[in-house]
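Structural features, examined
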Amino acid sequence: MASGRYTRIDARGKSSNYCSTIVVVVIVAACLVGAWITMSSSVDPTGYVGMSVGKDAKQHIASEKSSREFEDNSGDLPEDSLKGNIEQASERDESDSKSQENENVVQESENSGESGQQEKPEKSGSDEDERVDANKEKEVESAKDEDVKNAEEDSNTGGDETTEKIKQESEENNDDSKIKTDEAEEKSESEESSEGAKEKTDDSKLKTDEAEEKSGSEESSEGANEKIEEVKDETDSQSQEQVSTESESKDKAELLDETSTQTGAWSTQKAESEKQKVSEKSSDSSSEDQKAYKWKLCNVTAGPDYIPCLDNIQAIKRLPSTGHYEHRERHCPEEAPTCLVPLPEGYKTSVRWPKSREKIWFANVPHLKLAEVKGHQNWVQASGEYITFPGGGTQFVHGATRYIDFIEKTLPDIAWGRRSRVVLDVGCGVASFGGFLFDKDVLTLSLAPKDEHEAQVQFALERGIPAISAVMGTKRLPFPSNAFDIVHCARCRVPWHAEGGKLLLELNRVLRPGSYFVWSATPVYRKDDENVAIWKAMSKLTKSMCWELLKIGKDTVNGVSAAIYRKPMSNDCYENRMKSEPPLCQESDNPNAAWDIPMEACLHKVPTDPSERGSQLPAKWPSRLDKTPYWLKETEAGVYGKAAPKDFIADNKHWKRVVADSYMDGIGIDWSSVRNVMDMRAIYGGCNLKAVMAEVDRILRPEGSLIVRDNAETIAEVESMAKSLHWKIKFTFSKDNEGLLSVRKTRWRPSEVETIRSAIA
């Protein structure tokens, strides 16, 4: 016996048909009881059929877990909370419904097998076939046989039209005492399922595995065989649909109270029909999104390595001089490009950390020059399909780990991972120093220019090591003052002593008072004339800057030495100098100003007020992570309006909760595959949103994710652009003009090309 979702009965039949109606009602009631016993389902007061046991029960439990993760609200969300993302939700709901219906067909097939009966998924026939005379049971059976025959003939005609007919007839004939039996409902259900699958299948060969059935229906509904990864992505997105409300008491903290919506195993035929309409509207909307934003491929000399602000060739040609590395600095085009950078040919999904520290795909960063030049120093080597990194460097050929241990042995106060937590590595090469400092619980930002060595920073980022393309030229580094515990330079080829020590004075600005500069270079241990002269100049400069040379250590394994200096913690030394060279900076010179600020050969005073940032060393790690900074003042308002210390505590608790409860297990991202993350406040950008999305696409690797928390209008626009870029919508919700969106970049590239004249050599 096939169980239907609903059997609608109109008790207003004519008196002449009263007895027949009673018989039919009894038969239908028996069917419903049988279906209830078989399916073990429940009906809630609102008319929705509840979850069935077995696989659906597991799904219900998982959904409840997801609901708990999005705190403050429980249960389903009212319909108005889904405004703004109903189209996306409908696509996922439709696919979920099809999957659940397919599973029900399997269960019905099994039940039919027990009773010795087999029924094929059927489609509703013509209007005549659907109108069953409730007075004549024989005519019902005859109509059933005719329906089966017509369904087989019309199986390729699609279900939207038939479903609409059923709904329309139901509404038109309520007064005519027409009855839809459970068989008619079953035909409608089977029709929807077969429409999603678009293939004819015998019940005896139906898949019993839910995952296989879902995958098959999705593949055929799209009209093509997709990769397993894409099917998995679609399934994930179906299960991740979420909605949120905003707590009024947390309005300044940008707190979104996430909840999850839950639906029953089945829905009414009316709901299914409405879903079809919404799906069509969503499909049309997606097409409109793709038409609204036209994307082109960037035609530039740098190809996949194109960085707009570093590859502005025309601007570089106009520079009056390059003696101070001006050509390696940022020269952004007047208009931000909106084209998409091409992918390297043969691009592959990145090797996961920690294996990526040792090897990456050559196809992803196809450069060999650095391997040819530095291969003998164990920097980087070519090995078949891979680029490998033995862990060496110019100053630590035998491995970064030995070298790191040597530095701490030379000066135990460095205390990797406890006192020294944040490190800047200047002239990092492929960033092996920073890569192996992770083992010491140290975060290292590796810095190197985009120069003739080819893609040093690209190698670092592909390995999973934080790095930035920058140069010590004429502009300040993009960091506030007193930011790093250690600045490291291993033969970084920076002329620290030149031009009054301007470059070393820039390191002094970003180094915390009382913290260290580790200089491992040939002038420290080689005695030829050139290196001796550099050492003397550096000694004079560091003394005038009041840096204390703590120790020179010799690395017998690598055959090198390192000098370790410490920045002063007071201004006493500055005030007692015989000569004010280098001079102290003007009081109007803000040491925290960093963006596009020319470097000056001057010393910024050390903060001395106990409540001023930089006057004390931070707490040791890991208590440093949660401890309120001593320099936050009660008299100053924080970002969200509270007194700064309270604001910090509230914000820290908020993000700890949101990341743990929502981001880690609710927005469609497998965090085990994530290594490098850029956290940004786009609110301070203000340029054209299309240009912003093009830049996000440029720096985000394929299969990488973008998470946006913003007002509903911005979320809607970003989602629309993401669809036009063929990105996968993994998660979206909005409520009370606040929203959260998670999308994943694909490997789609447009065919039309746009030439960027400023980037053509």
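All residue numbers here refer to positions counted from 1 along the written sequence of the relevant chain. Since the coordinates come from a predicted model, pLDDT governs what is reported: local features require at least 70, and pairs of side-chain atoms require 80 or more to be given and counted, while whole-chain, interface and lining totals use all residues. The basis for the side-chain values is all heavy atoms of the structure; hydrogens and waters are excluded.

Going by the annotation in an unreviewed UniProt entry, the name recorded for the protein chain is Methyltransferase, with Chenopodium quinoa given as the source organism. UniProt positions are given in the numbering used here, feature names are shortened, and annotations may be inferred rather than shown by experiment. Here is the UniProt Sequence similarities (unreviewed entry) comment for the protein chain, exactly as written: "Belongs to the methyltransferase superfamily."

**Section: the overall build of the protein chain**
Looking only at helices and strands, the protein chain has 23 helices and 17 strands in total. Here the protein chain holds 761 residues, and the buried ones make up 47% of them. Here the analysis covers contacts within the protein chain between residues at least 6 apart in sequence; of these, 70% occur between residues at least 24 apart. Per-residue accessibility takes into account occlusion by the displayed protein chains alone, with areas from the Shrake-Rupley method and a 1.4 Å probe. A total accessible area of about 38,600 Å² is found for the protein chain, and carbon and sulfur atoms account for 51% of it. Only runs of H or I of at least four residues qualify as helices and only runs of E of at least two qualify as strands under DSSP, and these elements are numbered from the N terminus. Buried, partly exposed and exposed residues are distinguished by accessible area as a fraction of the type maximum, computed with a 1.4 Å probe on protein chains only: under 20%, between the cut-offs, and over 50%, respectively. Contacts between residues were defined by any pair of non-hydrogen atoms, one from each residue, lying within 4.5 Å.

**Quick look at the nonpolar core**
Val426, Val487, Trp496, Leu504, Leu507, Phe517 and Trp519 are the most contacted members of the largest nonpolar core, which totals 36 residues. Elements with a minimum of two residues in this core: β7 (422-426), β10 (484-490), α16 (502-510), β11 (511-520), α18 (529-544) and β13 (560-566). Per element, the largest residue contribution to this core is 5 residues, and it comes from α16. The residues contacting Leu507, other than those within four sequence positions of it, are Val426, Met472, Leu477, Val487, Trp496 and Phe517. We call a set of buried residues a nonpolar core when its members are Ala, Val, Leu, Ile, Met, Phe, Trp, Tyr or Cys and they connect through side-chain atoms within 4.5 Å of each other. If you look at the next biggest cluster of nonpolar residues, it comprises 20 residues, including Phe396, Ile414, Tyr516 and Ile564.

**Observations concerning the packing of helix α22 (residues 689-699) against helix α23 (residues 712-724)**
Two numbers describe how α22 lies on α23: the axes approach to 11 Å, and their chain directions differ by 55°. Between α22 and α23, the crossing angle belongs to the class labelled oblique. Two packed elements cross with a definite hand, and for α22 against α23 that hand is right-handed. Here Leu689, Lys690 and Met693 of α22 come into contact with α23, specifically with Glu717, Val718, Met721 and Ala722. Three categories are distinguished: nonpolar for Ala, Val, Leu, Ile, Met, Phe, Trp, Tyr, Cys and Pro, charged for Asp, Glu, Lys and Arg, and polar for the others, with Gly belonging to the last. Here the residues of the contact of α22 with α23 sort into 5 nonpolar, no polar and 2 charged. Lines fitted to C-alpha atoms define the axes here, with helix axes fitted over just the stretch in contact, and angles between the N-to-C directions of these axes take values from 0 to 180 degrees. Any angle from 65 to 115 degrees is called roughly perpendicular, while one under 35 is roughly parallel, one over 145 is roughly antiparallel, and all others are oblique. Each crossing is labelled by how the near helix is turned from the far one, with a counterclockwise turn of less than a right angle marking it left-handed and a clockwise turn marking it right-handed.

**Looking at a nonpolar patch on the surface**
For patches, a residue must show more than 30% relative accessible area and have no salt bridge; joins then use 9 Å for like charges and 5 Å for nonpolar side chains, namely Val, Leu, Ile, Met, Phe, Trp and Tyr. Any carboxyl oxygen of Asp or Glu that lies within 4 Å of a side-chain nitrogen of Lys or Arg is treated as forming a salt bridge with it. On the surface, Met678, Met680 and Ile699 cluster together to form a nonpolar patch covering roughly 320 Å² of accessible area. With respect to the helices, strands and loops of the structure, Met680 is situated in the loop between α21 (644-661) and α22.

**Notes on the sheet that holds strand β15 (residues 728-735)**
When DSSP locates at least two bridges between a pair of strands, those strands are taken to pair. One open sheet accounts for 3 strands, arranged β14-β16-β15; its pairing is antiparallel. The open sheet terminates on both sides in strands that have one partner only, identified here as β14 (705-711) and β15. Taken over all neighbouring pairs, the strand axes of this sheet differ in orientation by 10° on average, direction set aside. Bridging between β15 and strand β16 (residues 738-744) involves 7 bridges; their strand directions are antiparallel.

**Some remarks on the pattern of salt bridges**
What the rule picks out here adds up to 23 salt bridges. Lys502 is the salt-bridge partner of Glu499, the closest N and O atoms lying 4.0 Å from each other. A salt bridge links Arg698 to Glu695; the shortest N-O distance between them is 2.8 Å. Here Arg698 pairs with Glu695, and both are found in helix α22, just 3 residues apart, close to one helical turn. On the basis of relative accessibility, which here comes to 33%, the residue Glu695 falls in the partly exposed class. A single network of salt bridges, built from pairs that share partners, joins Arg357, Glu358 and Asp439.

**Quick notes on unusual backbone geometry**
Cis geometry marks the peptide bond from Glu581 to Pro582; its omega dihedral reads -5°. Looking at where Pro582 falls in the secondary structure, it is placed in the loop between α19 (572-575) and α20 (623-626). For the bond running from Trp621 to Pro622, omega is 10°, close enough to zero to count as cis. Residue Ala431 is not a glycine yet carries a positive backbone phi of 70°. By the element assignment, Ala431 lies in the loop between β7 and α14 (432-437).

**Comments concerning the sheet that holds β11**
Reading across from one edge, β9-β8-β7-β10-β11-β13-β12 is the order of the 7 strands in this open sheet, with mixed pairing throughout. Across the chains shown, the open sheet's two edge strands, defined by having one partner strand only, are β9 (467-469) and β12 (548-555). In this sheet, adjacent strand axes meet at a mean angle of 20° when their direction is disregarded. Across 7 bridges, the pairing between β12 and β13 is antiparallel. Counterpart to Glu548 in the pairing with β13 is Arg566. Together, β7, β10 and β11 form the strand contacts of α16, whose direction differs from that of β11 by roughly 135°.

**Digging into the state of the cysteines**
A pair of sulfur atoms, both from cysteines and within 2.5 Å, is called a disulfide here. Applying the stated rule across the entire model yields 5 disulfides. The disulfide partner of Cys489 is Cys492, and the S-S distance across this bridge is 1.9 Å. On the sign convention where negative is left-handed, the bridge of Cys489 and Cys492, at about -90° about the S-S bond, is left-handed. On the accessibility criterion, Cys489 (1% relative accessible area) is buried. On the basis of relative accessible area, Cys492 is assigned to the buried category, the value being 11%. Each disulfide pairs two cysteine sulfurs, and for Cys546 the partner residue is Cys573, the sulfurs being separated by 2.1 Å. When the S-S torsion is -85°, as for the bridge of Cys546 with Cys573, the disulfide is left-handed. Here Cys546 is found in the loop between α18 and β12, whereas its partner Cys573 is found in helix α19, with 27 residues between them in sequence. Residue classification places Cys546 among the buried residues on the basis of a relative accessible area of 9%.

**A short note on the pairing of β16**
Burial analysis of β16 places 6 of its 7 residues in the buried class, which makes it a mostly covered element. In this structure, β14 lies alongside β16, joined through 7 bridges in antiparallel fashion. Each residue of the ladder has a partner; that of Val708, found in β16, is Leu741. The hairpin formed by β15 and β16 contains 2 residues between the paired strands, and Asp736 there has a positive phi angle of roughly 55°.

**Here's the deal with the side chain of Asn558**
In this fold, Asn558 is placed in the loop between β12 and β13. Polar contact is the term for a pair of N or O atoms within 3.5 Å; when the atoms are in protein, one must be able to donate a hydrogen and the other to accept it, and sequence-neighboring residues count only if both atoms are side-chain atoms. A distance of 2.6 Å separates polar atoms of two side chains, one belonging to Asn558 and the other to Asp555. Ignoring anything within four residues of it in the chain, the contact list for Asn558 reads Gln395, Phe396, Val397, His398, Gly399 and Tyr403.

**A word on the side chain of Gln395**
Within the element layout of this structure, Gln395 appears in the loop between β6 (386-388) and α13 (400-410). Polar side-chain contacts of Gln395 include one of 3.2 Å to the side chain of Ser520. Here the side chain of Gln395 touches Tyr525 through a polar contact of 3.2 Å, side chain to side chain. Once residues within four sequence positions are removed from consideration, Gln395 is found in contact with Tyr403, Ala490, Arg491, Ser520, Ala521, Tyr525, Asn558 and Val560.

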